[in-house]
Amino acid sequence: MKKICSVVGARPQFIKLAVVSRVLRKEFQEVLIHTGQHYDHNMSDVFFEEMDIPKPDYNLGISGGSHGKMTGEMLEELEEALILSDVGAANAAKIVMEVERRAQRQNVTSALELRYVLKDTLLDMMLDNQPLDVSGKPAVVLVIGVNGVGKTTSIGKLAARYVGEGKKVMLAAADTFRAAAADQLEIWAKRAGADIVRHGEGADPAAVVFDSISAAKARGSDVIIIDTAGRLHNKANLMNELAKIDRVIARELPDASRETLLVLDATTGQNAVHQAEEFNKVAALTGIVLTKLDGTAKGGIVIAISAGLGVPVKLVGVGEGLDDLVDFDRSAFLEAVLPPLEGGIS
């Protein structure tokens, strides 16, 4: 029976980098990706079973010796591994086709060489690191996403980050369709040390945004973070609501730097990709926030969004702490997924 593999490990595994500089600038250097238990082998099996060498202790490594030969079967298993890791069938086929093309051009014969070809291919296909643009004053960050993905928590953590940098932050509780939404955001505002503007349940979200902008101007706020309702099942209403909010922002802050972030739950796999595709039709997304990447998520979701959807992953949630929303680093992520044989991070 053909061995089934996973890009970041099918058994419970951990991808580990080191977190540095949590005070001044959060670098994406330690990400724990705890994968599911549905498959028997991880992607390193694609390589190691072709060679007579032991696996490294850091068993997410994909590498080998000069006697490990690249085979067509390895490429087939690699494609299957990518699919099972939430990269998606179309993206997996595209990646493997490019890996094969490069391998032939470079006369690759070993699994070790193939590991580097795969890494370079993913590096080229994924979008460059793109930090949030909050250069304007006030800068506007519009946050969208369905209920339950960690949207309010991500807003609270983002607010705490900017408050920690000495910025004045205004939160706009424009999700007026859920009774608890404004209450939850207010708790996070107090925890982060940010201001908040809220109206009653059922109020016009655009009116909340207008009042938030007015308050931000009066108080000299540096960043306005806007929470919105996530009603993906009704695209017409969602589009109308976002359009109204957009008109208010454009009218009141025509020169503001703006971000439109979609929050996705990384553990939902291809469902998250579908959400991103649908939201991208009604909102000009500038970035993705991937939450729960420390849970049972398979890392392929990152590749699927960055390489497949063409929207940059800008932030990732890697824990429950207030400072556990960190900037995504493409190179660090791939180095964690594909570490060298010797172990550790090169």
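This section reports on the structure supplied with the text. All values reported here derive from a predicted model rather than from experimental measurement.

**With respect to the overall build of the protein chain**
Step number 1: For the protein chain, the helix and strand inventory stands at eleven helices and eight strands.
Step number 2: Looking at the protein chain residue by residue over its 346 residues, the buried ones come to 56%.
Step number 3: Nonlocal contacts in the protein chain, meaning residues at least 24 apart in sequence, comprise 75% of its contacts between residues at least 6 apart.

**Thoughts on helix H2 (residues 72-84)**
Step number 1: Relative to the 18 Å expected for 13 residues at 1.5 Å per residue, H2 spans 19 Å between its end C-alpha atoms, a close match to the ideal helical length.
Step number 2: When H2 is considered as a whole, its buried residues turn out to be Met74, Leu75, Glu77, Leu78, Ala81, Leu82 and Leu84.

**Here's the deal with the pairing of strand S4 (residues 223-227)**
Step number 1: Burial runs high along S4: five of the five residues are buried.
Step number 2: Burial along S4 is two-sided: Val223, Ile225 and Asp227 and Ile224 and Ile226, pointing in opposite directions, are all buried.
Step number 3: When strand S1 (residues 139-144) meets S4, the two strands line up parallel, connected through five bridges. Its bridge partner lying in S4, Leu142 is registered against Ile226.
Step number 4: Here strand S2 (residues 169-173) runs beside S4; their pairing, made up of five bridges, is parallel. For Met170, the partnering residue across the bridge sits in S4 and is Ile224.

**Considering the side chain of Thr176**
Step number 1: Positionally, Thr176 belongs in the loop between S2 and helix H6 (179-192).
Step number 2: A polar contact of 2.6 Å, which involves the side chain of Thr176, links it to the backbone oxygen of Ala203.
Step number 3: Discounting chain neighbours no more than four positions away, the residues touching Thr176 are Gly200, Glu201, Gly202, Ala203, Pro205 and Val208.

**Some thoughts on the nonpolar core**
Step number 1: Ranked by internal contacts, the top residues of the largest apolar core, which has 95 residues, are Leu171, Ile225, Ile226, Ile288, Leu290 and Val302.
Step number 2: Sorting elements by how many residues they give to this core places helix H10 (residues 300-309) first, with seven residues.
Step number 3: With residues up to four places along the chain from it excluded, the contact list for Val302 reads Met126, Leu290, Leu293, Val313, Phe328 and Phe333.

**A word on empty space enclosed by the protein**
Step number 1: Overall, the coordinates contain one cavity of 30 Å³ or more when judged by the stated rule.
Step number 2: Empty space within the largest cavity amounts to approximately 40 Å³.
Step number 3: Along the walls of the largest cavity sit Val143, Ser154, Ile155, Leu158, Leu261, Val263, Val289, Leu315 and Leu325, which together make up its complete lining.
Step number 4: When residues of the lining of the largest cavity are assigned to their parent elements, the largest contribution, three residues, is made by helix H5 (residues 151-164).
Step number 5: Looking at the lining of the largest cavity residue by residue, the class counts come to eight nonpolar, one polar and no charged.

**Some remarks on the pairing of strand S3 (residues 195-198)**
Step number 1: Note that S2 and S3 share four bridges and pair parallel. Across the sheet, the residue bridging to Met170 is Asp195, located in S3.
Step number 2: Taking the sense of rotation as the criterion, the β-α-β connection linking S2, H6 and S3 turns out right-handed.

**Comments concerning the packing of aromatic side chains**
Step number 1: Under the criterion given, the structure shown has one aromatic pair.
Step number 2: Taken together, a centroid distance of 5.7 Å and an interplanar angle of 50° make the contact between Phe328 and Phe333 tilted. Of the two residues, Phe328 and Phe333, both sit in the buried class.

**Focus on the pattern of salt bridges**
Step number 1: Inspection of every chain in the model, using the stated rule, returns 19 salt bridges.
Step number 2: When the shortest N-O distance is used, the salt bridge between Asp128 and Arg330 registers 3.1 Å. With Asp128 in the loop between helix H4 (111-125) and S1 and Arg330 in helix H11 (residues 330-337), the pair connects residues that are 202 residues apart, well separated along the chain.
Step number 3: Using a relative accessible area of 15% as the deciding quantity, one classes Arg330 as buried.
Step number 4: Ionic pairing is found between Arg198 and Glu186, a salt bridge with its closest N-O pair at 2.6 Å. Of this pair, Arg198 sits in strand S3 while Glu186 sits in helix H6, and the two are twelve residues apart along the sequence.
Step number 5: The exposure class assigned to Arg198 is partly exposed, which follows from its relative accessible area of 33%.
Step number 6: Judged by its relative accessible area of 26%, Glu186 falls in the partly exposed class.
Step number 7: A network of salt bridges, in which partner residues are shared, links Glu98, Arg101, Arg102 and Asp124.

Conventions and cut-offs
Residues numbered from 1 in each chain as written. Predicted model: local features only at pLDDT ≥ 70, side-chain atom pairs only at ≥ 80, totals over all residues. Heavy atoms only, no water. Helix = DSSP H or I, 4+ residues; strand = E, 2+ residues; numbered from the N terminus. Buried < 20%, exposed > 50% of the residue type's maximum accessible area, 1.4 Å probe, protein only. Contact = heavy atoms within 4.5 Å. Expected span 1.5 Å × (residues − 1). Pairing = 2+ DSSP bridges. Polar contact = N/O pair within 3.5 Å; in protein donor to acceptor, adjacent residues only side chain to side chain. Core = buried A, V, L, I, M, F, W, Y, C linked by side-chain atoms within 4.5 Å. 1 Å grid on protein atoms, 1.4 Å probe; cavity = no way out; pocket = protein on both sides within 12 Å on 5 of 7 lines; lining within 4 Å. Points joined across faces, edges and corners; volume = space filled by probe spheres on them. Nonpolar A, V, L, I, M, F, W, Y, C, P; charged D, E, K, R; others polar. Right-handed = clockwise from strand over helix to strand, strands pointing away. Phe/Tyr/Trp six-rings, centres within 6.5 Å; stacked < 30°, edge-to-face > 60°. Salt bridge = Lys/Arg side-chain N within 4 Å of Asp/Glu carboxyl O.

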